[in-house]
Amino acid sequence: MSEPVAEPRAQDQHALNVLITSVAQLGTMLSGGLLAVVIAHRFGATARTDAMFAAYSTYSVLLAIAQSLRLTMVPRFAQADAASFVEGLRGVAIVVAFSAVPLVALGDPMSRLLVGDGEREVARDALALFWLAAGAQLVAGYGAAQLAALGRFGSTAIAYFLSALLPVLLLVVWPDPGILLVPGAIVVGSFVCGTAVAVLAARGSHRPAGRAGDGWRGAWRGAGQMVAGAIGSVTWQIALVVTLGVAARSDDGAVTVYTYAFFGASLVAGVTSGAISMVIAAPITAAWDRRDPAPLLPALLGLTRATAVLAVPVVGMGLVCADEVVDVVLGGSLSPEEIDGIRDAFVALLGLMLASGMSPVPALAAYARGWFGAVAGVALAGLAAHVAMSLAVGPERDLTWLAVVASISSFLVAGGTIWLIWRAQSPRVMASAAGAALQPVALGAVVFVPVALLVPTTVGAIAGALVAAGAYALGIRLLLPAYWGPLEDAVRSVLRR
């Protein structure tokens, strides 16, 4: 029996939601990068900025938890007997209350740990402000999951984009800012986002008929699921810290070089697999019967194909003209060797981008079954492998090897997550997913590598990258119709809207 096909209007809405979410993800991440540039211009690099950024590193862990809720909590809201948004806020309140311990109650010892004998008062006050921002972001993340389960993405996209852009605008227009304006501005942006999303989620939420509330017992269970579901995002950050720690023992500037490459890879993953998985989370988990994983395979392969077919040309163009683009964007502040390092590491991180398309579907299935701890265990095992491989590579090797390690550990996590759902069938499923990812990679290698080797000049490199991208698109259309068809359908759906 063939699978039911979504109605054209539903397909159109899904395509539009993916576009909206992708653009919002791109804008939010670029606003974060712009904020860093504004901070550098207005405050420079001092002991006070060091203290603020040290406090931000602690806040970033809570921010990762908040962002992960946009995906991990969707299966919970998609269930017919799900608690209402207002009831679920009790679990958020528990997480916020516990986070006050390190950021507020232990602010003095935490600031001493972060900056030693440096600007401890700045670090302490920034930690307290970042706690307020974290609370608002946790509310926003939970509300965004409720809205995603309802199929509403436009308002969420606007709220998140404004919350990222508002701190930049405040820092630009404020006449004589102190360094604490940075966390203060982030608090303002976070509260705008949290309030807007919470109001919209509360309006669209309801308690199912005949369902009694779970009270605080359910709230504690929900808080545990939130933290467990966020471990994958947190381990992603810890893995980056480990890589940067190894890189720091290499040449001067190696940390900066790898950070730029990793930011580019994260940007690609965020606007491809990240955006798509947010949109498909509710339909997948609502339709799945929680028993037979076979219906999940088309979604897994579809997300893997979409991520690969979009990521490969970005990496290919980076291979051809990254030297010229980076030099223009960063204003010649990096040496040619450092720009080459960014390019090589970015290309080596293609595996991480591809793996980001393989993990979400089985992870969503695991969350739908309540296996938050199992997914966290897979993420922690992947982190352990990443640490071991990074230490084995060591600082003596080229940065490209550390990027390869990040890609390998990402594939290990994707494979482990697939195993949770398919078990004995997981080797076959992994092989299918790998095949779906490698076909665009093979085509991209045939198209972009010769251009990168044959085009030496600046104008020629950029023009060559554009020509190669056109040839890649033509190759996808002629040789890989399974990849081209969904892209063409998505474009037509958006145009129809």
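Residues numbered from 1 in each chain as written. Predicted model: local features only at pLDDT ≥ 70, side-chain atom pairs only at ≥ 80, totals over all residues. Heavy atoms only, no water.

A.B. asks: Summarise the overall build of the chain; cite the residues concerned and give the values.
C.D. replies: If you tally the helices and strands in the chain, you get 19 helices and zero strands. Expected size for 497 residues packed as a compact globule is a radius of gyration near 23 Å; at 23 Å, the chain falls within 12% of this value. Projected onto its principal axes, the C-alpha positions of the chain cover 65 × 60 × 45 Å. When each of the 497 residues of the chain is scored for burial, the buried share is 49%. For the chain, the share of sequence-separated contacts (at least 6 apart) that also reach a separation of at least 24 residues comes to 84%. When the accessible area of the chain is evaluated, it comes to approximately 22,300 Å², of which 67% is carbon and sulfur surface. (Helix = DSSP H or I, 4+ residues; strand = E, 2+ residues; numbered from the N terminus. Rg over C-alpha atoms; globule rule 2.2 N^0.38 Å. Buried < 20%, exposed > 50% of the residue type's maximum accessible area, 1.4 Å probe, protein only. Contact = heavy atoms within 4.5 Å. Areas by Shrake-Rupley, 256 points an atom, 1.4 Å probe, with all protein chains shown as cover.)

A.B. asks: Could you give an account of the pattern of salt bridges, naming the residues involved and the relevant values?
C.D. replies: Once their charged atoms are close, side chains differing in charge can pair, the charge on each being opposite to the other. Scanning the entire structure with this criterion turns up seven salt bridges. Across the pair arginine 343 and aspartate 344 runs a salt bridge whose closest N-O atoms are separated by 3.0 Å. Beyond isolated ion pairs, a larger network of salt bridges with shared partners links Asp323, Asp340, Arg343 and Asp344. (Salt bridge = Lys/Arg side-chain N within 4 Å of Asp/Glu carboxyl O.)

A.B. asks: A description of the packing of helix α16 (residues 399-422) against helix α17 (residues 426-454) should follow, citing residues and the corresponding values.
C.D. replies: At their nearest, the axes of α16 and α17 sit 9 Å apart, and the two run at 135 degrees to each other. Classed by the angle they form, the pair α16 and α17 counts as oblique. The way α16 lies across α17 gives a crossing that is right-handed. Across the interface between the two elements, Gly415, Ile418, Trp419 and Trp422 from α16 touch Ser426, Val429 and Met430 from α17. Residue composition of the contact of α16 with α17, by class: five nonpolar, two polar and no charged. (Axes fitted to C-alpha atoms, helices over the stretch in contact; angles between N-to-C directions. Parallel < 35°, antiparallel > 145°, perpendicular 65-115°, else oblique. Left-handed = near helix turned anticlockwise from the far one by under 90°. Nonpolar A, V, L, I, M, F, W, Y, C, P; charged D, E, K, R; others polar.)

A.B. asks: An account of the packing of aromatic side chains is needed here, citing residue identities and associated values.
C.D. replies: Here the distance between the centres and the angle between the planes together describe a pair of aromatic rings. Inspection of every chain in the model, using the stated rule, returns nine aromatic pairs. Judged by centre distance (5.3 Å) and plane angle (65 degrees), the ring pair of tyrosine 56 and tyrosine 59 falls under edge-to-face. Here tyrosine 56 pairs with tyrosine 59, and both are found in helix α2 (residues 47-72), just three residues apart, close to one helical turn. These aromatic residues form a ring-pair network of at least three members: Tyr56, Tyr59 and Phe130. Stacked on the ring of tyrosine 160, the Lys or Arg arginine 70 has its end atom at 4.1 Å from the ring centre. (Phe/Tyr/Trp six-rings, centres within 6.5 Å; stacked < 30°, edge-to-face > 60°. Lys NZ or Arg CZ within 6 Å of the ring centre and 35° of its normal.)

A.B. asks: If you had to explain the side chain of serine 31 to someone new, which residues and values would you point to?
C.D. replies: Checked against the element boundaries, serine 31 lands in helix α1 (residues 8-43). Reaching out from serine 31, the side chain makes a polar contact with the backbone oxygen of glycine 27 at a distance of 2.8 Å. Filtering out sequence-adjacent residues up to four positions away, serine 31 remains in contact with Phe161, Ala164, Leu165 and Val168. (Polar contact = N/O pair within 3.5 Å; in protein donor to acceptor, adjacent residues only side chain to side chain.)

A.B. asks: With reference to specific residues and values, describe the packing of α2 against helix α5 (residues 107-115).
C.D. replies: It is at 10 Å that the axes of α2 and α5 come closest, and there the two elements cross at 115 degrees. Between α2 and α5, the angle is such that the two are roughly perpendicular. Between α2 and α5 the crossing geometry is right-handed. Contact residues: Ala51, Ala54, Ala55 and Thr58 in α2; Met110, Leu114 and Val115 in α5. Here the contact of α2 with α5 is composed, by residue class, of six nonpolar, one polar and no charged.

A.B. asks: Lay out a nonpolar patch on the surface with the relevant residues and their values.
C.D. replies: Taken together, the side chains of Leu26, Leu30 and Phe263 present a nonpolar region at the surface, about 240 Å² in accessible area. One can find phenylalanine 263 in helix α10 (residues 254-287). By relative accessible area, phenylalanine 263 is classed as partly exposed at 34%. (Patch = residues over 30% accessible without salt bridge, like charges linked within 9 Å, V, L, I, M, F, W, Y side chains within 5 Å.)

A.B. asks: Break down the environment of tyrosine 160 for me, with residues and values.
C.D. replies: Within the secondary structure layout, tyrosine 160 lies in helix α7 (residues 154-173). Here the alpha-carbon distance between tyrosine 160 and alanine 196, two residues 36 residues apart in the chain, equals 9.6 Å. For tyrosine 160, the residues in contact, after removing those within four places along its chain, are Thr28, Gln67, Arg70, Gln137, Ala140, Gly141, Ala144 and Cys193. At 3.2 Å, the side chain of tyrosine 160 forms a polar contact with the backbone nitrogen of glycine 141.

A.B. asks: An account of helix α15 (residues 372-393) is requested, with residue identities and associated values reported.
C.D. replies: Compared with an ideal rise of 1.5 Å per residue, which puts 22 residues at 32 Å, α15 spans 32 Å between its outermost C-alpha atoms and is within 8% of the ideal. Positive phi shows up at glycine 394, right after α15, with a value of about 75 degrees. (Expected span 1.5 Å × (residues − 1).)

A.B. asks: Residue-level account of the confidence of the model for the chain, with values.
C.D. replies: Averaged over the chain, the pLDDT score is 87; the fraction of residues at 70 or greater is 91%. Mean pLDDT across the elements of the chain ranges from a minimum in helix α19 (residues 481-496), with 75, to a maximum in helix α13 (residues 350-355), with 97. This stretch, residues 1-6, has a pLDDT under 50; its non-local contacts, to residues over four places away or in other chains, come to three contacts. Counting interchain partners and residues more than four positions distant, the pLDDT-below-50 stretch residues 208-212 has eight contacts. (pLDDT = per-residue confidence, 0-100.)

A.B. asks: A description of unusual backbone geometry should follow, citing residues and the corresponding values.
C.D. replies: A positive phi is found at arginine 290, a non-glycine position, where the angle reads about 70 degrees. Inspection of the secondary structure puts arginine 290 in the loop between α10 and α11 (297-329). Among the residues examined, arginine 290 registers a relative accessible area of 23% and is labelled partly exposed. The backbone phi angle of arginine 423 is positive, close to 50 degrees, even though this residue is not glycine. Tracing the sequence through the fold places arginine 423 in the loop between α16 and α17. Owing to a relative accessible area of 40%, arginine 423 belongs among the partly exposed residues under this scheme.

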